[in-house]
Amino acid sequence: MRRSTQKEQDPDLGILAVQLSARVQREIFTRAADHGFHDVRPRHGAVMAYLDVEGTRPGELARLAGRNKQTMGAILDELERLGYVRRTPDPADRRAKLIVPTERGLRFMEVSDGIVDLIEQNLSDTLSPDGYREFRAALRSGVASLPATGHDTEG
């Protein structure tokens, strides 16, 4: 049997993880576009998924998203240009910057959080509530068992 056929019929963990991520992102960004957010892209999720309403330092966003600082800086530049975030001085340390969502950014965060809730509800309906809780717990344990550091996957 060809390797591609075998991987299609019995996908390994890497393939399943990529498929799950791609399908969740496709759902989020397709539905977000229906709400007027045509310009935000999956790579922007590295910021928008972790951004605090009161602002978050760029280094913390990079750490949370598993991106290097250069990649995070490029994503932040894009989001600032698109009007989703702004850079402001951190009141706790004027030398540092905070990334703060704009009104548009806040609206996107609200919409995308709602879309994720719907995706999770659909999965819960498909797997059963207990099955979905077990699925999430298994994913969490699996993710925790692998190293969190390494090369940026979105470079």
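Since this is a predicted model, take the numbers as computed values, not measurements. (Residues numbered from 1 in each chain as written. Predicted model: local features only at pLDDT ≥ 70, side-chain atom pairs only at ≥ 80, totals over all residues. Heavy atoms only, no water.)

Regarding unusual backbone geometry
Stage number 1. The residue S128 is not glycine, and still its phi comes out positive at about 90°.
Stage number 2. On the accessibility criterion, S128 (31% relative accessible area) is partly exposed. (Buried < 20%, exposed > 50% of the residue type's maximum accessible area, 1.4 Å probe, protein only.)

Points about the pattern of salt bridges
Stage number 1. Applying the stated criterion across every chain, the model contains 11 salt bridges.
Stage number 2. Residue R31 pairs with E27 through a salt bridge whose shortest N-O separation is 2.6 Å. Of the two residues, R31 and E27 are both situated in helix α2 (residues 13-34); the distance of 4 residues between them amounts to about one turn of the helix.
Stage number 3. The salt bridge involving R136 is made with E120; its shortest N-O contact spans 2.5 Å. (Salt bridge = Lys/Arg side-chain N within 4 Å of Asp/Glu carboxyl O. Helix = DSSP H or I, 4+ residues; strand = E, 2+ residues; numbered from the N terminus.)

Notes on the side chain of T56
Stage number 1. One can find T56 in the loop between α3 (45-48) and α4 (58-65).
Stage number 2. Residue class for T56 comes out buried when judged on its relative accessible area of 5%.
Stage number 3. Within the local environment of T56, its side chain forms a polar contact with the backbone nitrogen of D52, the two atoms lying 3.0 Å apart.
Stage number 4. Excluding residues that lie within four positions of it along the chain, T56 makes contacts with Y50, L51, L61, L98 and I99. (Polar contact = N/O pair within 3.5 Å; in protein donor to acceptor, adjacent residues only side chain to side chain. Contact = heavy atoms within 4.5 Å.)

Looking at the nonpolar core
Stage number 1. With 24 residues, the main nonpolar core has V47 and M48 as its most contacted residues.
Stage number 2. Among the elements of the structure, α2, α3, α4, α5 (69-82) and α6 (103-127) are those that each provide at least two residues to this core.
Stage number 3. If one sorts the elements of this core by residue count, α6 sits on top with 5 residues.
Stage number 4. Residue contacts for M48: discarding those within four places in its chain leaves L79, Y84, V85, G105, F108 and M109. (Core = buried A, V, L, I, M, F, W, Y, C linked by side-chain atoms within 4.5 Å.)

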